[in-house]
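Commentary on secondary and tertiary structure
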Amino acid sequence: AQRVTQPEKLLSVFKGAPVELKCNYSYSGSPELFWYVQYSRQRLQLLLRHISRESIKGFTADLNKGETSFHLKKPFAQEEDSAMYYCAPWKRSDSWGKFQFGAGTQVVVTP
Amino acid sequence: GAGVSQSPRYKVAKRGQDVALRCDPISGHVSLFWYQQALGQGPEFLTYFQNEAQLDKSGLPSDRFFAERPEGSVSTLKIQRTQQEDSAVYLCASSRSAQGYNEQFFGPGTRLTVL
């Protein structure tokens, strides 16, 4: 069965400390991988996608095909990073596809 | 101008009532998705439209759920004979591309509470 796992429900870190959000997936084929973020009282929005290999707001995510992981990292957390983060593999199906979102990790950055 | 909008933002229904949830996607967006998000969970895929065609409805939990997008723009998700387990936030998202994986823009959601 296709599965995406975010093992941490809650991550509490101090400002300036590194933060890593884990995401493991179990998929046939090679899904495209995304991270979405939801700040308090805001809509769910794209944070980054693997294919673009960019760093957004200081976050990066490395795809490890051997471990089937796509962990999200930031070397120095800021208070404004407090939010809910969702790992989202995109599974293609013919000419379309769909996201399968993980359960999410709540990040709390304390000063 | 505006992003994806959804109405109503909150809906309280008595068990057994029918409800209709509306989504206005970004103008010109080809792809439209509906998701259901239960408390403490990530969004779960319900159905997908490419223009007016419903190409995937594999996530609809029962035949009480029905979605349409007759003119390829506004979409309505209808739930008949609501049950308590239908209580959730219903999210709509649209995307410019036909494939849909290009950045999906989400609406604010409709929080449905079934008493």
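Note that the structure is predicted; figures quoted are calculated from it, not measured. (Residues numbered from 1 in each chain as written. Chains lettered and ligands numbered in written order. Predicted model: local features only at pLDDT ≥ 70, side-chain atom pairs only at ≥ 80, totals over all residues. Heavy atoms only, no water.)

1. Concerning the environment of A67(B)
All names here are of chain B. The line we're drawing: Here a helix means four or more residues in a row that DSSP labels H or I, a strand means two or more in a row labelled E, and each is numbered from the N terminus. Throughout this description, buried means an accessible area under 20% of the type-specific maximum (1.4 Å probe, protein chains only), exposed means over 50%, and partly exposed covers the range between. We call two residues in contact whenever any of their non-hydrogen atoms come within 4.5 Å of each other.
Structurally, A67 can be placed in strand β7 (residues 65–68). We classify A67 as buried; its relative accessible area is 4%. Considered as a pair, A67 and K78 are eleven residues apart in the sequence and their alpha carbons are 6.0 Å apart. Residues within four places of A67 in sequence aside, it is in contact with W34, T47, F49, Q54, T76 and L77.

2. Thoughts on the interface of chain B and chain A
For clarity, the cut-off: For any pair of parts, buried area is found by adding up, for both, the accessible area (1.4 Å probe) each one loses once the two are put together. By definition, a salt bridge exists where a carboxyl oxygen of Asp or Glu is found within 4 Å of a side-chain nitrogen of Lys or Arg. Any pair of nitrogen or oxygen atoms within 3.5 Å is treated as a polar contact; in protein, a donor-acceptor pairing is required on top of that, and neighbouring residues in sequence qualify only through side-chain atoms on both sides. Polarity classes work like this: nonpolar for Ala, Val, Leu, Ile, Met, Phe, Trp, Tyr, Cys and Pro, charged for Asp, Glu, Lys and Arg, and polar for all others, with Gly in that last group.
Listed per partner, the contact involves 25 residues of chain B and 19 residues of chain A. Area buried by chain B at its contact with chain A is led by Q99(B), Y101(B) and F106(B), which between them contribute 32% of it. The tally of links from chain B across to chain A stands at one salt bridge. For K98(A), the salt bridge is made with D56(B), and the minimal N-O distance between the two is 3.1 Å. Put simply, chain B and chain A have seven residue pairs in polar contact (both at pLDDT 80 or more) between them. Across the side of chain B that touches chain A, the residue classes break down as eleven nonpolar, twelve polar and two charged.

3. Regarding the pattern of salt bridges
Per the counting criterion, the structure on display carries eight salt bridges over all chains. Salt bridges here are not isolated pairs; linked through shared partners, they connect E8(A), E20(A), K22(A) and K73(A).

4. Some words on the packing of aromatic side chains
Aromatic ring pairs: the centre-centre distance and the angle between the two ring planes describe each pair. We count it as follows: Only centres within 6.5 Å qualify two rings of Phe, Tyr or Trp (six-membered ring in Trp) as a pair; their planes then separate them into stacked at under 30 degrees, edge-to-face at over 60, and tilted for everything else.
Applying the stated criterion across every chain, the model contains 17 aromatic pairs over all chains. Centroid distance F33(B) to F45(B): 6.5 Å. Interplanar angle 65 degrees. Geometry classified as edge-to-face. Placement of F33(B) in strand β4 (residues 31–37) and of F45(B) in strand β5 (residues 44–50) is noted, with a sequence separation of twelve residues between them. Overall, the relative accessible area of 10% leaves F45(B) in the buried class. Relative to F45(B), the ring of Y35(B) lies with its centre 6.5 Å away and its plane at 80 degrees, an arrangement referred to as edge-to-face. In this pair, Y35(B) sits in strand β4 while F45(B) sits in strand β5, placing the two residues ten residues apart along the sequence. Residue classification places Y35(B) among the buried residues on the basis of a relative accessible area of 0%. Here the aromatic residues F34(A), Y36(A), Y86(A), W90(A), W96(A), F99(A), F101(A), F33(B), Y35(B), F45(B), Y48(B) and F106(B) are joined through ring pairs into a cluster of three or more.

5. Quick notes on the state of the cysteines
Just so we agree on the cut-off: Note on disulfides: each one is a pair of cysteine sulfur atoms within 2.5 Å.
Taken as a whole, this structure holds two disulfides over all chains when the rule is applied. Disulfide partner of C23(A): C87(A), at an S-S distance of 2.0 Å. As the torsion about the S-S bond is roughly -65 degrees, the C23(A)-C87(A) disulfide counts as left-handed. Linking C23(A) in the loop between β3 (19–21) and β4 (24–26) with C87(A) in strand β9 (residues 83–93), this pair joins segments that are 64 residues apart in sequence. For C23(B), the disulfide goes to C92(B), at an S-S distance of 1.8 Å. Measuring handedness by torsion sign, the sulfur bridge of C23(B) and C92(B) sits at about -65 degrees and is left-handed. Separated by 69 residues along the polypeptide, C23(B) in strand β3 (residues 19–24) and C92(B) in strand β9 (residues 88–95) bring together distant segments of the chain.

6. Describing the pairing of strand β10 (residues 96–99) of chain A
Residue and element names in this part refer to chain A. Here is the rule: For two strands to be treated as a pair, DSSP must find at least two bridges joining them.
Two strands pair when backbone bridges link them, and β9 and β10 are joined in this way by four bridges, in the antiparallel orientation. Among the inter-strand pairings, W90 is bridged to a residue of β10, identified as F99. The turn joining β9 and β10, which pair antiparallel and follow one another in sequence, is formed by two residues; a positive phi near 55 degrees is taken by D94.

Keep in mind these numbers describe shape, not what the thing actually does.
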